[in-house]
Amino acid sequence: MPFQIDFGGRKQERVVGIDLGTTNSLVAFMDLTAPKIIPGEDGDKLVPSVVSFSESGEIVVGNNARRLLITQPERTVYSVKRLMGRGAADIQEELKLFPFHMAEDSESVIKLRLGDVELTPPEISAYILRQLKKNAETYFGEPVTQAVITVPAYFNDAQRQATKDAGRIAGLEVLRLVNEPTAASLAYGLDKRKNGTIAVYDLGGGTFDISILKLHDGIFEVLATNGDTHLGGDDIDNLLIRIGLEDVASEWGMDVSGSQEAVQLLRRAVIQAKEELSFAPVATVAFEYRGRNYRREITRDLLEQLIAPIVERTMGPCRACLADAHVKVADIDEVVMVGGSTRIPFVRQAVEKLFRAKPHTELNPDEVVALGAAVQAAILSGDLEDKLLLDVTPLSLGIETMGGLTSKLIHRNSTIPASATEMFTTAVDGQRNVLIHVVQGERELVKDCRSLARFDLKEIDPMPAGLPRIEVRFLIDANGILNVTARDQRTGKEHSLEVKPSYGLNDEQVEAMILESYEKAEEDFRERQVREARVEADNILTALDKARQNEAWFELDGEERAAIEKPVNELLMVYHSDDHLLIRAKIDEVNEATTKLAENMMNSAVRGALKGTKI
Amino acid sequence: MDFACWQCGQAAPGLFCAHCGALQQPPAGYFELFGSEEKLALDPAALERRFYELSRQLHPDRFGRKPLIERQHSEQASSVLNDAYRTLRDPITRAEYFLKQRGLDIGEQRSKDVPPELLEEVFELNMALEEMRAGDTSARPQLEQARDRFTNMLEQIDRQLENEFTSYDGAQRPEVLTAIRGLLNRRRYIQNLVNEVEKELPGSALSD
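Keep in mind it's a predicted model, so treat the numbers as computed, not measured.

A. Looking closely at the overall build of chain B. The helix and strand inventory of chain B stands at eight helices and two strands. Computed over its C-alpha atoms, the radius of gyration of chain B comes to 23 Å, more than 25% above the 17 Å expected for a compact globule of 208 residues. Dimensions of chain B, computed from the C-alpha atoms along their principal axes, are close to 75 × 40 × 30 Å.

This is the structure:
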């Protein structure tokens with residue numbers, strides 16, 4: 001149990017920091033002065049972002065679920081982050097490489113079919129979050145309901161909203177979504193150097209981000225950010241898997257690419273080889289399937305040839321980011337590396353060459369984002385007042401105008417919160433509705449941008465065309481999520497607005513999922529507390545049974561014994577209730593009533609010990 | 001502004017209530033939020049200092065444990081602050097904002113009309129651009145020359161603007177504002193020409 005300080009009875013709820021990663025997820029908190037990762041039940045700090053749904057309805061998350069990837073691939077999901085906030089059309093490419101099965105009615109929201117259940121990506125992510133929440137609750141011995149969750153800086157509105165939805169479904173109030181590279185810079189405590197310009201290069205399992213920040217007396221001001229939300233270590237794995245499958249096809253004369261079990265076994269083998277190649281010049285891919293063996297040596301040279309195009313794909317965003325930040329390479333004082341893929345020497349060399357600075361790699365690249373999230377959690381709790389993050393929106397926000405063109409309202413790399421106001425009116429006499437189509441992206445044509453949502457200004461008073469004046473305010477909040485409000489200029493009143501998100505869940509759907517899971521989560525926590533209280537009751541009752549054999553028991557008079565038996569009987573009565581507070585109250589009473597007995601036992605033990613020395 | 005504080009009901013004179021310290025509904029005006037005089041010539045370093053100072057006071061991260069209404073005020077205040085800083089730190093957008101606040105909207109003046117003194121040059125430039133688009137790279141030196149000339153013009157306009165800013169801040173004569181508007185329109189026109197040319201000269205700039 002962690003050391004706790006009582007702040008005059010006003011106990012503030014803890015806010016945890018969560019890195020919800022493509023490959024692994026972590027939860028951390030601010031422990032007095034430094035952020036600290038909370039390990040899972042198995043003692044592992046990394047919780048693999050894998051969820052498995054067994055036939056019996058049991059849900060397994062993390063290392064255990066990863067093992068089920070091999071035996072139960074149909075019921076097990078990994079890398080679900082790649083699907084967050086995406087539509088069915090977006091993920092056709094992913095489906096070629098990942099063994100996901102989409103459910104029939106996947107239109108604006110993807111649903112995955114896992115055995116007999118159908119779930120959306122936010123619901124699946126919520127299971128990972130719930131596991132992390134549980135780990136934190138076990139660690140603290142109290143409920144945890146507030147969190148900061150990190151997202152790739154280049155995540156769009158729908159992907160951010162999906163992450164926030166996942167938090168809500170898991171029973172967490174998401175106080176802030178923080179961009180992963182920005183969080184990493186917080187963890188590095190780079191503000192120790194008071195002023196300077198830093199670049200954060202973050203190549204994770206499935207996403208790539210580059211951010212350039214300016215430090216100014218504890219203010220972390222993001223100047224620009226860029227990236228690719230579909231680029232990461234997964235892509236390297238897939239290249240290696242393809243080689244393995246081709247080799248197997250020619251050596252065994254057998255195409256195993258249709259077998260999920262085979263592909264998952266091979267995936268595990270190539271990941272191991274890939275990781276070894278960061279430390280050794282040669283590694284072996286060893287794969288056994290149905291009694292047949294495949295072995296192949298892979299040299300670091302070959303890996304580097306293979307991944308060169310992937311690394312090159314990260315260089316474009318880096319250069320664009322420098323240009324957007326109005327910063328020259330020579331201005332960069334430090335470079336920070338984040339994400340497991342930055343362990344690859346070839347990636348480090350490329351970054352060092354581009355920025356002409358030796359990158360920071362002191363902190364574990366798998367943990368640094370979660371640690372930073374914990375620092376941000378402390379900032380939000382008011383525990384850290386000297387630091388402040390000023391982040392930006394990665395993509396421009398616009399609305400559709402005549403002829404399918406976009407009109408930009410908020411430009412990319414604007415510091416958030418950012419806002420824009422537009423006046424809308426009607427085109428036809430008596431028109432009652434105005435539809436506003438909001439998009440995100442840099443391109444001129446609406447069809448080349450990402451559709452965010454359609455906002456319907458409803459119930460406009462019938463008037464001649466052009467007379468209604470409705471002021472619409474677009475606000476990108478500190479989470480990078482769009483909020484829209486409308487006001488009738490004539491009446492000064494809020495105007496009703498119906499939101500139809502293009503991708504993702506609407507409010508009612510999220511509410512329904514929350515309700516379902518909330519009850520479950522509450523139940524889980526209560527149940528655990530009751531179980532813990534019963535264990536404690538068992539301990540004290542066992543100890544008392546032993547004490548009844550002790551001579552000290554016989555030294556008590558009848559009244560004294562009765563004074564003990566009364567709370568003991570009461571404890572036995574409440575033992576099977578589901579009120580852990582009541583059980584604990586009775587435990588306390590028993591403890592108090594047995595003080596004298598305990599003293600007597602101690603004395604007799606001492607006497608016994610003294611007797612022993614005489615012999 | 002003499003609104004009552006939403007929290008303690010006292011007359012609230014500033015951004016933060018003088019009695020209970022609660023954050024109030026922020027002003028919509030950029031200069032007012034910065035607590036700065038309405039001037040066209042601003043010291044960028046002082047503006048940046050003030051921006052950081054206000055960010056520390058107003059950012060939503062500072063209001064995590066505060067009542068909802070204050071959190072909303074903070075979100076609004078920070079968004080206005082960020083928009084204001086973005087607008088005011090660049091002399092061109094600052095001047096456009098300044099004029100708009102005084103009813104001199106640049107947007108309405110925006111037109112495709114070529115400034116008469118540039119008529120001949122723009123005609124020739126368009127010919128060269130068309131040749132380039134048709135694949136005739138012999139127009140390249142001419143385009144590069146034009147780009148350099150127009151870029152020089154922009155720099156000249158920027159110097160003129162700077163002088164006019166100081167002039168207006170000194171005496172606040174309305175005809176100076178009209179002159180500034182003229183310069184801004186001319187600047188915008190030339191900037192568009194430069195952008196057009198750069199599009200046809202790949203590798204010459206990093207702009208998007």
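B. Representation of the overall build of chain A. From N to C terminus, chain A includes 15 helices and 27 strands. C-alpha extents for chain A along the principal axes are approximately 100 × 75 × 55 Å. In chain A, which comprises 615 residues, the share counted as buried stands at 44%. Once local pairs closer than 6 in sequence are excluded, the contacts in chain A between residues at least 24 apart make up 67%.

C. Quick peek at the interface of chain B and chain A. With 15 residues of chain B at the contact, the number on the chain A side is 19 residues. Broken down by element, the residue count for the side of chain B that touches chain A peaks at six residues, all from helix α3 (residues 68-89) of chain B. Of the residues in the side of chain B that touches chain A, the class split is three nonpolar, six polar and six charged.

D. Just helix α7 (residues 140-171) of chain B, in detail. All names here are of chain B. Taking 1.5 Å per residue as the helical rise, α7 with its 32 residues ought to reach 46 Å, and the 47 Å between its terminal C-alpha atoms agrees with that figure. Structurally, α7 contributes buried residues whose contacts are with α4 (91-101), α6 (119-133) and α8 (174-200). The first or second residue beyond α7 is Gln172, which carries a positive phi of 50°.

E. Representation of helix α9 (residues 345-355) of chain A in the model. Residues and elements named next belong to chain A. Along α9, the positions that sit buried rather than exposed are Val347, Ala350, Val351 and Phe355. One side of α9 carries all its buried residues, which in axial view fall inside an arc of 115°. Packing partners of the buried residues in α9 comprise β12 (195-203), α8 (300-325) and β17 (334-338). One or two residues past the end of α9 sits Arg356, with phi positive at roughly 50°.

F. How the structure looks around the nonpolar core. In terms of nonpolar packing, the biggest core is built from 149 residues, with Val16(A), Ile18(A), Ala28(A), Val148(A), Ala370(A), Ala373(A) and Ala374(A) touching the most fellow members. Among the elements that line this core, the one with the most residues is helix α10 (residues 368-380) of chain A, at eleven residues. Formed by 13 residues, the second largest nonpolar core is a distinct cluster that contains Ala77(B), Leu81(B), Ala84(B) and Tyr85(B).

G. The arrangement of the packing of helix α3 (residues 121-140) of chain A against helix α4 (residues 157-169) of chain A in detail. Residue and element names in this part refer to chain A. Closest axis-to-axis distance for the α3/α4 pair is 8 Å, and the angle between their directions is 55°. Between α3 and α4, the crossing angle belongs to the class labelled oblique. When the axes of α3 and α4 are compared, the crossing they make is right-handed. Together, Pro121, Pro122, Glu123, Ser125, Ala126 and Leu129 of α3 and Ala162, Asp165, Ala166, Gly167 and Ile169 of α4 make up the contact between the two elements. Residue composition of the contact of α3 with α4, by class: seven nonpolar, two polar and two charged.

H. Structural context of the pairing of strand β13 (residues 208-216) of chain A. All names here are of chain A. Within β13, seven of the nine residues are buried, leaving the element largely enclosed by the surrounding structure. When β12 meets β13, the two strands line up antiparallel, connected through nine bridges. Note on β13: the bridge partner recorded for Leu203 is Phe208. Between β12 and β13, which pair antiparallel in sequence order, lie four residues.

I. Expanded view of the environment of Thr415(A). For Thr415(A), the location among the structural elements is in the loop between β20 (405-410) and β21 (418-424). As a C-alpha pair, Thr415(A) and Leu572(A) span 157 residues in sequence and 61 Å in three-dimensional space. Once residues lying within four places of it in the same chain are set aside, the contact partners of Thr415(A) are Leu390(A), Val392(A) and Asn82(B).

J. Broad picture of the sheet that holds strand β27 (residues 497-501) of chain A. Residues and elements named next belong to chain A. The strand order across the open sheet built from five strands is β20-β19-β22-β23-β27, with neighbouring strands paired in antiparallel fashion. Every other strand in the sheet has two partners, leaving β20 and β27 as the edge strands with one partner each. Ignoring strand direction, the axes of neighbouring strands in this sheet form an average angle of 30°. Sheet topology note: the strand β19 (residues 397-401)/strand β22 (residues 434-440) ladder contains three bridges and is antiparallel. Across the sheet, the residue bridging to Ile399 is Val438, located in β22.

Basis of the calculations
Residues numbered from 1 in each chain as written. Chains lettered and ligands numbered in written order. Predicted model: local features only at pLDDT ≥ 70, side-chain atom pairs only at ≥ 80, totals over all residues. Helix = DSSP H or I, 4+ residues; strand = E, 2+ residues; numbered from the N terminus. Rg over C-alpha atoms; globule rule 2.2 N^0.38 Å. Buried ≥ 20, exposed ≤ 12 C-beta atoms within 10 Å, placed from the backbone. Contact = placed C-beta atoms within 7 Å. Nonpolar A, V, L, I, M, F, W, Y, C, P; charged D, E, K, R; others polar. Expected span 1.5 Å × (residues − 1). Arc of directions from axis to C-beta. Core = buried A, V, L, I, M, F, W, Y, C linked by C-beta atoms within 7 Å. Axes fitted to C-alpha atoms, helices over the stretch in contact; angles between N-to-C directions. Parallel < 35°, antiparallel > 145°, perpendicular 65-115°, else oblique. Left-handed = near helix turned anticlockwise from the far one by under 90°. Pairing = 2+ DSSP bridges.

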